[in-house]
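Okay, here's what each chain looks like letter by letter:
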Amino acid sequence: MVRVLAALVAEPSRWRYGYDLGAEVDLKSGSLYPILIRLTDRGLLEATWESGPPGKPPRHLYRLTPAGLETAAILTAEPVSRPSAVPRRQLREA
Amino acid sequence: MGTLVAVLILGSLAIGSLVGVRRRVARGSTNPVDAPARLLAWAIGFLAADRAEWGQAMAGELEHIEKRSKRWHFSLGCLSAALLVPPRRADSGRLVVGLVAAAAAGCVGLTLYGLMRYPAVLTGHGTWPALATFGAVLAGLTLTTAIIVRRSAAGAVGLAGGVAVAAVWIVVGVTVVSHPAAPAFSWLLLALPLAPLTVGAAGTWRGMTGTAGRHASLVSAAVAGMVLFLVLATDALVTAGGPYDAGQLHDFPHSGLPDMATYAVSDNLGTAMALLLLASTTTAVIGAVGATITARMRHAPTSA
C-alpha cells in the first residue's frame, strides 16, 4: 500500500490508470485492486471515469484526495526497513 | 437405480440453474471477446453488489491490454481480487454464507462418517456416481448461495425461509409417515408448496423486486436441502438405519450387502441425498413462482 501511495504522491494532481499504476509499482491486479478499493473506502483515493472511444468501456482513473496526500506524506516520510518495501525488481536483480 | 436417475435429473436441473444464475449475474458488465475477457466477465460476478463499479473498472482496463499473456495475468489477478474483496457494507451475508458452508461441510462429514462406519456401502450399485453427484450438488448450492448473497440482500430471508421450509418437510414427513391411514393428515401435504411460495413472496415483499424474491428462494432452497439432509442422515446413523420398514426387509436379501444395518444406512443415506436435491429444486422453483406472482400483484419489477 505504501508503494502505491508513494507512486500516487509523486504526481498528486495527475489522474492515473490502474494498469499503469500497477506496472509502475510492480503489483499484479490481484494485489492492486484490493489496495485501491481499501484506499477509496477510507477516503484516501478518488476515482473518476474517462470515456473511451465508441465501443470501448470507460476507464477508471485514480488520484489521492487531500486526506490521502496527508497520509501518503506521513507514510512515505517514515524510514522503511521492512524487506517487503524493497521493490521486487531489485530483489530479482540481486 | 430409480433413485440414481432422479439424482442425476435433479442434479442437472441444479447445475442448469447455477449456470443461469451465473450468466445473469455477469451479464451487462462487459462484452467478452476472448478467453481472458470471458474469465474477467465471470470473475467480476463474484464482486458484491456495492462493488460493481470496480468490476467495470477492471473490464475497462483489460480493454487496453493487448498482449495475450498479460491479459490472462490481469484477469486471473482480478479473479482473486473479486473473491477476496469484502462487501462495503457489513450485513448478514457473511454469516449466511458461513452457515451454509458449515452445513455443506456437515453433510460431507456425516457421509464420510457413515462410509467409515459402514464401509460395505461403497460396494453397492451406483454408490460412487451418487457420491460424486452429491458432492457436486453441495458445491453448487454453496457457490450459488455465496454468489447471490454477495450480489443482493436476500441472505437473511433465504436463511430463515430455508430453515422454515426444512421444518415443514420434517413435520409433514414425520406426521404422514407415522399416520399413513389418516386421510386428515394428507391435507398437511399442502404445506410443502405453500412454504416456499411464502418465502418467495416474503423475499419480493422485502426486496421490492421479483429478483430479490427469487434470490431469497434460491438461498432458502440451498438451506432447506442441506438441513433436511443433516437431519435425515443424522437419524440414519444414530439409529443404524432403523426401524426397518417392510420394503427394506424385503429388498435386503437381494442387495448383496453383508448386514441389515449396512443396507438400511445405505438406503436411508441415498434417500437423504435424493431429498436434498428434491427439496432444494422444488423450493427454488416454487419460490421463484411465488416471487414472480407477488411482484406482479404489487406491480413491482419482476427483474432487477
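Please read these numbers as outputs of a predicted model, since none were measured by experiment.

1. Examining the overall build of chain A
Now for step 1: A count of helices and strands for chain A gives five helices and three strands.
Now for step 2: In chain A, which comprises 94 residues, the share counted as buried stands at 27%.
Now for step 3: When contacts within chain A are restricted to residue pairs at least 6 apart in sequence, long-range pairs at least 24 apart make up 53% of them.

2. Here's the deal with the overall build of chain B
Now for step 1: For chain B, the helix and strand inventory stands at eleven helices and zero strands.
Now for step 2: Along chain B, helices (α) and strands (β) appear in the sequence α-α-α-α-α-α-α-α-α-α-α when read from the amino end.
Now for step 3: Across the 304 residues that make up chain B, the buried fraction comes to 44%.

3. Here we look at the sheet that holds strand β2 (residues 45-50) of chain A
Residue and element names in this part refer to chain A.
Now for step 1: Ordered in space as β1-β3-β2, the three strands form an open sheet in which the pairing is antiparallel. Of all the strands in the sheet, the pair left with one neighbour each is β1 (16-17) and β2.
Now for step 2: Two strands pair when backbone bridges link them, and β2 and strand β3 (residues 59-64) are joined in this way by six bridges, in the antiparallel orientation. Directly across from T48, in β3, lies its bridge partner L61.

4. Quick look at the interface of chain A and chain B
Now for step 1: On the side of chain B, 20 residues touch chain A, which itself brings 16 residues to the contact.
Now for step 2: When contributions to the side of chain A that touches chain B are tallied by element, the ones reaching two or more residues are α2 (18-25), α3 (29-41) and β3 of chain A.
Now for step 3: Sorting elements by how many residues they give to the side of chain A that touches chain B places α3(A) first, with six residues.
Now for step 4: Residues of the side of chain A that touches chain B, tallied by class, amount to seven nonpolar, five polar and four charged.

5. Quick notes on the packing of helix α7 (residues 155-178) of chain B against helix α8 (residues 191-207) of chain B
Residues and elements named next belong to chain B.
Now for step 1: Where α7 meets α8, the closest approach of the two axes is 9 Å, and the angle between their N-to-C directions is 170°. The orientation of α7 with respect to α8, classified from their angle, is roughly antiparallel. Residue-level contacts link V157, G161, A164, V165, V168, W169 and V172 of α7 to A191, L192, A195, P196, V199, A202, G203 and R206 of α8.
Now for step 2: Residues belonging to the contact of α7 with α8 are distributed by class as follows: twelve nonpolar, two polar and one charged.

6. Side note on the nonpolar core
Residue and element names in this part refer to chain B.
Now for step 1: Counting 90 residues, the largest nonpolar core has I44, V219 and M226 as the members making the most contacts within it.
Now for step 2: When residues in this core are grouped by element, the largest group, 15 residues, is from helix α9 (residues 210-238).
Now for step 3: Apart from residues no more than four positions distant in its own chain, V219 is found in contact with V96, T145, I148, V149, A154, G155, G158, L159 and G162.

7. Structural notes on the pairing of β3(A)
Now for step 1: The pairing of β1(A) with β3(A) spans two bridges and is classified as antiparallel. Across the sheet, the residue bridging to A:R16 is A:Y62, located in β3(A).

8. As for the confidence of the model for chain B
All names here are of chain B.
Now for step 1: Per-residue confidence for chain B averages 83 on the pLDDT scale, and 86% of its residues sit at or above 70.
Now for step 2: Between the elements of chain B, mean pLDDT differs from a low of 51, seen in helix α1 (residues 2-26), to a high of 93, seen in α9.
Now for step 3: Note on residues 1-5: pLDDT is under 50 here. Beyond four places in sequence and across chains, it has six contacts.
Now for step 4: Low pLDDT (under 50) marks residues 25-30, which in the prediction has 17 contacts with non-local residues, meaning those over four places away or in another chain.
Now for step 5: Interface scoring of the predicted complex returns ipTM 0.77; its pTM is 0.63.

9. What about the packing of helix α5 (residues 93-117) of chain B against α9(B)?
Residue and element names in this part refer to chain B.
Now for step 1: In contact at an axis separation of 10 Å, α5 and α9 are set at 30° when each is read in the N-to-C sense. In terms of their interaxial angle, α5 and α9 are classed as roughly parallel. Remark: the crossing between α5 and α9 carries left-handed chirality. Between α5 and α9, the contacting residues are V96, V100, A103, A104, G106, C107, L110, T111, Y113, G114 and R117 on the first element and V219, A222, V223, M226, V227, F229, L230, A233, T234 and L237 on the second.
Now for step 2: Split into classes, the residues belonging to the contact of α5 with α9 amount to 16 nonpolar, four polar and one charged.

10. Concerning α8(B)
Residues and elements named next belong to chain B.
Now for step 1: Its 17 residues give α8 an end-to-end C-alpha distance of 24 Å, which sits within 8% of 24 Å, the value for a rise of 1.5 Å per residue.
Now for step 2: Within α8 the residues assigned to the buried category are A195, P196, T198, V199, G200, A201, A202, G203, T204 and G207.
Now for step 3: Looking at the buried residues of α8, the elements they touch are α7, α9 and α11 (260-297).
Now for step 4: Directly beyond the C-terminal end of α8, a positive phi value near 70° is found at M208.

11. Description of unusual backbone geometry
Now for step 1: Unlike most non-glycine residues, A:D26 shows phi in positive territory, near 60°.
Now for step 2: Within the secondary structure, A:D26 sits in the loop between α2 and α3.

12. So, the confidence of the model for chain A
Now for step 1: Residues with a pLDDT of 70 or more make up 82% of chain A, whose mean pLDDT is 80.
Now for step 2: Below pLDDT 50 for its whole length, residues 80-94 of chain A participates in seven contacts with residues either more than four positions away or in separate chains.

13. Some points on the environment of A:L21
Residue and element names in this part refer to chain A.
Now for step 1: On the secondary structure map, L21 appears in helix α2.
Now for step 2: Take L21: there are 19 C-beta atoms within 10 Å of it, and that puts it in the partly exposed class.
Now for step 3: In this structure the C-alpha to C-alpha distance between L21 and A7, which are 14 residues apart in sequence, comes to 7.6 Å.

Rules used in this analysis
- Residues numbered from 1 in each chain as written.
- Chains lettered and ligands numbered in written order.
- Predicted model: local features only at pLDDT ≥ 70, side-chain atom pairs only at ≥ 80, totals over all residues.
- Helix = DSSP H or I, 4+ residues; strand = E, 2+ residues; numbered from the N terminus.
- Buried ≥ 20, exposed ≤ 12 C-beta atoms within 10 Å, placed from the backbone.
- Contact = placed C-beta atoms within 7 Å.
- Pairing = 2+ DSSP bridges.
- Nonpolar A, V, L, I, M, F, W, Y, C, P; charged D, E, K, R; others polar.
- Axes fitted to C-alpha atoms, helices over the stretch in contact; angles between N-to-C directions.
- Parallel < 35°, antiparallel > 145°, perpendicular 65-115°, else oblique.
- Core = buried A, V, L, I, M, F, W, Y, C linked by C-beta atoms within 7 Å.
- pLDDT = per-residue confidence, 0-100.
- Left-handed = near helix turned anticlockwise from the far one by under 90°.
- Expected span 1.5 Å × (residues − 1).

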